[in-house]
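Residues per chain, in single letters:
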Amino acid sequence: MCVGVLESREAVFGALAWGLAALALCALEAGSGAVQRRSGSAGVDTIRPRTLNVCSLPVSELITVEETDAHGKHSGSGRWHKMEKPYAFTVHCVKRARHHRWKWAQVTFWSTEEQLCQLWMRTLRELLQRLTSRPKHLLVFINPFGGKGHGKRIYERKVAPLFTLASITTDIIITEHPNQARETLYEMDMDAYDGIVCVGGDGMFSEVLHGLIGRTQKSAGVDQNHPRAALVPSPLRIGIIPAGSTDCVCYSTVGTVDAETSALHIIVGDSLAMDVSSVHHGSTLLRYSVSLLGYGFYGDLIKDSEKKRWMGLVRYDFSGVKTFLSHHYYEGTVSFLPAQHTVGSPRDRKACHAGCFVCRQSKQQLEEEQKKALYGLENAEEVEEWQVVCGKFLAINATNMSCACPRSPRGLSPAAHLGDGSSDLILIRKCSRFNFLRFLVRHTNQCDQFDFTFVEVYRVKRFQFTSKALEDGAHGLGGPGKQRFGPLCSDSPSCCCAAARGAWNCDGELLHTPALEVRVHCQLVRLFARGIEENPKQESPS
């Protein structure tokens, strides 16, 4: 806890003058209380006393202000010990730590003048009341079975006390069966809530996502089953408290899988718009996807791991090795519509960060295209030509985000953007096991994972896939007989085992369909997050 001494009325009135823009939290052990105006890095004015030991942050990162019992406090040291009748108040705020983590911090101010303390508290509370983006009442879903089964304990120990401190009220639902959150959101009256919080892994988030999008479209009279339907964004934000096995969505949007950090992002009312892909088969909506839609390797991996749930989290490692050695490939046709409205590319090494220029600019250009189509001037999707790629593939991946996680800090597509209205389509053609292993290893280091002759990557806004088995009307294997193992380091046909039908991994859920159509909906949902901060300031080693 930091301790400060309030010695000057001029300091208070100076802070009041600029207080609507930002607040200075000062740890004063010596020196005067003179105030100077200083422009912050984000274009926000901050007030900083001329002193050697200073801590400052914007008002938006304050949690609450409360009066402190100065007479009953006997710990610590400082000039306030010499005060005859000290008065104090404590400011609770956000403190940045390493690796994009946020921590709850406290700063206590002491003064001999009671009116001075009351003036500070009243002013700070008025400033906090002006922050209308902060949630007051939340609906919380807790998955007690996800990950290691610690969701309920994580919420009670790390999140609930912070919500109480910030005067956020909650209604808590502990889920008892799959899709309970989705079904509840379809039926509940949501007018009383400022947002939804899910405590669990990516599966729990997916349930809430489907329920919220589905409810919004139903209320707006939009047919989700129509592949070209213009979906309506939901006004409610989703908060993610990570308690799963990988927590890919949380890691890709916050930069860490720390529950306290996520809770603080919710408290301060951060908002981050995110793309969502709709996955259709014919005129039927199959699912929505926000992270990975994978066919071939990643589909086979999740399919095999579902049979081994009794193994716990180690099942993913076991199934990954087994799928790699099986080395199945799938033959089919991929058709896609390039995302020409985007200002970046999958290989430009420009990662998505807080306040991302690429997302903002791409959104504006996409809106311009939509306006032209609305007034009949030009329909970009009718003018643009579809590109077609045929062949034998070990994997077909579509990512709306980097898909980063602690095991793969850069993810499947490091330059994928959260809100640019596009998906990175990654095609891994048939190759030897050795070459495929080289590709997989690059997900864990800084090398360009697309720098292989058998890997192609495109930024798209729509794509379709049809398997060769469906095209030919075949139901058996579309190639050589099943062969479990072949030469490990050869590109000969015998290295791969052709399979007729694969499965899709849609954000960790299985889809069994030989043909599908995917469409990206730009910034369809919003999270209680701000994106990964590129150069977080005020970091502490803790």
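Residues numbered from 1 in each chain as written. Predicted model: local features only at pLDDT ≥ 70, side-chain atom pairs only at ≥ 80, totals over all residues. Heavy atoms only, no water.

**Here we look at the overall build of the protein chain**
Step number 1: Counting secondary structure elements, the protein chain contains 13 helices and 23 strands.
Step number 2: Out of the 542 residues in the protein chain, the part that is buried amounts to 56%.
Step number 3: Relative to all contacts within the protein chain whose residues are 6 or more apart in sequence, the contacts with residues 24 or more apart total 78%.
Step number 4: Carbon and sulfur atoms form 51% of the exposed surface of the protein chain, whose accessible area is close to 24,400 Å². (Helix = DSSP H or I, 4+ residues; strand = E, 2+ residues; numbered from the N terminus. Buried < 20%, exposed > 50% of the residue type's maximum accessible area, 1.4 Å probe, protein only. Contact = heavy atoms within 4.5 Å. Areas by Shrake-Rupley, 256 points an atom, 1.4 Å probe, with all protein chains shown as cover.)

**Observations regarding the pairing of strand E11 (residues 195-200)**
Step number 1: Most of E11 sits out of view: 6 of its 6 residues are buried.
Step number 2: Taking every second residue as pointing to the same face, both faces of E11 are buried, with Gly195, Val197 and Val199 on one and Ile196, Cys198 and Gly200 on the other.
Step number 3: The pairing of strand E9 (residues 137-142) with E11 spans 5 bridges and is classified as parallel. Across the sheet, Leu138 pairs through a bridge with Gly195, a residue of E11.
Step number 4: As paired strands, E11 and strand E12 (residues 237-242) are joined by 6 bridges and run parallel to one another. Directly across from Gly195, in E12, lies its bridge partner Arg237.
Step number 5: Handedness of the crossover is the feature at issue here: the chain leaves E11, passes through helix H5 (residues 202-220), returns alongside E12, and the resulting connection is right-handed. (Pairing = 2+ DSSP bridges. Right-handed = clockwise from strand over helix to strand, strands pointing away.)

**Quick word on the side chain of Ser422**
Step number 1: Tracing the backbone shows Ser422 in the loop between strand E17 (387-399) and strand E18 (423-429).
Step number 2: According to the relative accessible area criterion, Ser422 is buried, its value standing at 2%.
Step number 3: Those residues in contact with Ser422 that sit more than four places away from it in its chain are Asp275, Ala339, Thr342, Asn400, Arg459, Val460 and Val520.

**Focus on the packing of aromatic side chains**
Step number 1: The final tally for this structure, using the stated rule, is 15 aromatic pairs.
Step number 2: For the pair Phe109 and Trp120, a centre-to-centre distance of 6.2 Å together with 10° between the ring planes defines the contact as stacked. Linking Phe109 in strand E8 (residues 102-111) with Trp120 in helix H2 (residues 114-129), this pair joins segments that are 11 residues apart in sequence.
Step number 3: Looking at Phe109, the relative accessible area reads 3%, which means it is buried.
Step number 4: Geometrically, the ring pair formed by Phe436 and Phe439 is stacked, given 6.1 Å between the ring centres and 20° between the ring planes. Here Phe436 and its partner Phe439 are both found in helix H12 (residues 433-441), 3 residues apart, which amounts to about one turn of the helix. This pair shows no difference in class: Phe436 is buried, exactly as Phe439 is.
Step number 5: Joined through ring pairs, the aromatic side chains of Phe297, Tyr298, Phe324, Phe436, Phe439, Phe452 and Phe454 make up one cluster. (Phe/Tyr/Trp six-rings, centres within 6.5 Å; stacked < 30°, edge-to-face > 60°.)

**Some details on the pairing of E9**
Step number 1: Extensive coverage of E9 is indicated by the burial of 6 of its 6 residues.
Step number 2: Neither face of E9 is open: one carries His137, Leu139 and Phe141, the other Leu138, Val140 and Ile142, and all of them are buried.
Step number 3: Bridging between E9 and strand E10 (residues 169-174) involves 6 bridges; their strand directions are parallel. Paired with Leu138 across the strands is Thr170, a residue of E10.
Step number 4: Tracing the backbone out of E9, into helix H3 (residues 151-165) and back to the parallel element E10 gives a crossover that is right-handed.

**Re the nonpolar core**
Step number 1: The biggest cluster of nonpolar side chains holds 61 residues, and the ones touching the most others in it are Phe205, Val208, Ile428 and Phe436.
Step number 2: A total of 6 residues in this core trace back to one element, the largest contributor, which is H5.
Step number 3: Not counting the four nearest positions on each side in its chain, Val208 is found in contact with Phe141, Ala181, Leu185, Ile196, Cys198 and Ile238.
Step number 4: Counting residues in each nonpolar core, the second largest holds 25 residues, with Ile63, Ile154, Ile241 and Ala263 among its members. (Core = buried A, V, L, I, M, F, W, Y, C linked by side-chain atoms within 4.5 Å.)

**A look at the pattern of salt bridges**
Step number 1: All chains considered together, the criterion is met by 16 salt bridges.
Step number 2: Residue Arg96 is joined to Glu533 by a salt bridge in which the shortest nitrogen-to-oxygen separation is 2.8 Å. Taken as a pair, Arg96 in strand E7 (residues 87-96) and Glu533 in the segment after strand E23 (515-527) lie far apart in primary sequence, 437 residues in all. There is no split in this pair, since Arg96 and Glu533 are both buried.
Step number 3: One salt bridge in this structure joins Glu517 and Arg462, with 2.5 Å as the shortest N-O distance. One end of the pair, Glu517, is in strand E23; the other, Arg462, is in strand E19 (residues 455-467), with 55 residues separating them in the sequence.
Step number 4: It is possible to trace a salt-bridge network through shared partners that takes in Glu61, Arg96, Asp270, Arg530 and Glu533. (Salt bridge = Lys/Arg side-chain N within 4 Å of Asp/Glu carboxyl O.)

**As for the packing of H3 against helix H7 (residues 259-267)**
A packed helix pair is summarised by two numbers, namely the angle formed by the two axes and the spacing between the axes.
Step number 1: As a packed pair, H3 and H7 sit with axes 10 Å apart at the nearest point and diverge in direction by 30°. When the interaxial angle is binned, H3 and H7 end up roughly parallel. Helix-helix and strand crossings are classified by hand; for H3 and H7 the assignment is right-handed. Here H3 contributes Ile154, Lys158, Val159, Leu162 and Phe163 to the contact with H7, which in turn contributes Ala259, Glu260, Ala263, Leu264, Ile266 and Ile267.
Step number 2: Broken down by class, the residue content of the contact of H3 with H7 amounts to 9 nonpolar, no polar and 2 charged. (Axes fitted to C-alpha atoms, helices over the stretch in contact; angles between N-to-C directions. Parallel < 35°, antiparallel > 145°, perpendicular 65-115°, else oblique. Left-handed = near helix turned anticlockwise from the far one by under 90°. Nonpolar A, V, L, I, M, F, W, Y, C, P; charged D, E, K, R; others polar.)

**Remarks on H5**
Step number 1: A rise of 1.5 Å per residue sets the reference length of H5, with its 19 residues, at 27 Å; its end C-alpha atoms lie 27 Å apart and thus fit the reference within 8%.
Step number 2: With 15 of its 19 residues buried, H5 lies for the most part within the structure.
Step number 3: Gly221 sits one or two positions beyond H5 and adopts a positive phi of about 75°. (Expected span 1.5 Å × (residues − 1).)

**A few points about H12**
Step number 1: All of the buried residues along H12 are Arg433, Asn435, Phe436, Phe439 and Leu440. The arc that holds the buried residues of H12, viewed along the axis, is 160°, so those residues lie on one side.
Step number 2: Here the buried face of H12 lies against helix H8 (297-306), helix H9 (314-326), E17, E18 and E19. (Arc of directions from axis to C-beta.)

**Thoughts on the environment of Gly294**
Step number 1: In this structure, Gly294 sits in strand E15 (residues 292-296).
Step number 2: Along the backbone, Gly294 and Trp504 are 210 residues apart, and their C-alpha atoms lie at a distance of 5.5 Å.
Step number 3: Setting aside residues up to four positions removed in sequence, Gly294 forms contacts with Gly299, Ile396, Asn397, Ala503, Trp504 and Asn505.

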